[in-house]
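Residue-level structure breakdown
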Amino acid sequence: ALRYPEPLGGVALYAAFPFGDVPLIESRSEANAGLPVWLGHGRRDWVIPYFIGIDVRDLLKEHGHPVEWHRYRGAHEAFGGVGPELAEFLGRVAMK
């Protein structure tokens, strides 16, 4: 989403993990330099440790992305336990 050349309304990530050879911030497009991010992570994630999610959150915030951080009790299940906060975020960014 950060590399996409056209402006996006926002992006929702769960158990985010930066990967690849190209650094996350340095490779983002100008169009999405301030992209709103909804970020959730399971506190007991055994695949992508919780501290990695915190690092991704902090990196994005440090570089000007408005980040909504959500911690969940679960582990690595896709969007496990996510409540209405994700739908609310998507509704807000879709209206832009």
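Described below are features of the structure shown in this document. (Residues numbered from 1 in each chain as written. Predicted model: local features only at pLDDT ≥ 70, side-chain atom pairs only at ≥ 80, totals over all residues. Heavy atoms only, no water.)

Regarding the packing of aromatic side chains
- Under the defined criterion, the tally for this structure stands at three aromatic pairs.
- Summarising the aromatic geometry, the rings of Y14 and Y72 are spaced 6.0 Å apart at their centres and angled 35° between planes, so their arrangement reads as tilted. Here Y14, found in strand 1 (residues 11–14), pairs with Y72, found in strand 3 (residues 67–72); they are 58 residues apart in sequence, far enough to count as distant.
- Ring pairs connect the aromatic residues Y14, W38 and Y72, which therefore count as one cluster.
- The ring of W69 has R57 sitting right over it, with the charged end atom 5.0 Å from the ring centre. (Phe/Tyr/Trp six-rings, centres within 6.5 Å; stacked < 30°, edge-to-face > 60°. Helix = DSSP H or I, 4+ residues; strand = E, 2+ residues; numbered from the N terminus. Lys NZ or Arg CZ within 6 Å of the ring centre and 35° of its normal.)

Points about unusual backbone geometry
- Not every positive phi belongs to a glycine, and A15 is a case in point at roughly 55°.
- Note on placement: A15 falls in the loop between strand 1 and strand 2 (37–42).

Concerning the pairing of strand 3
- Across six bridges, strand 2 lies against strand 3 in parallel orientation. For V37, the partnering residue across the bridge sits in strand 3 and is V67.
- The handedness of the strand 2 to strand 3 crossover, carried by helix 1 (residues 50–62), is right-handed. (Pairing = 2+ DSSP bridges. Right-handed = clockwise from strand over helix to strand, strands pointing away.)

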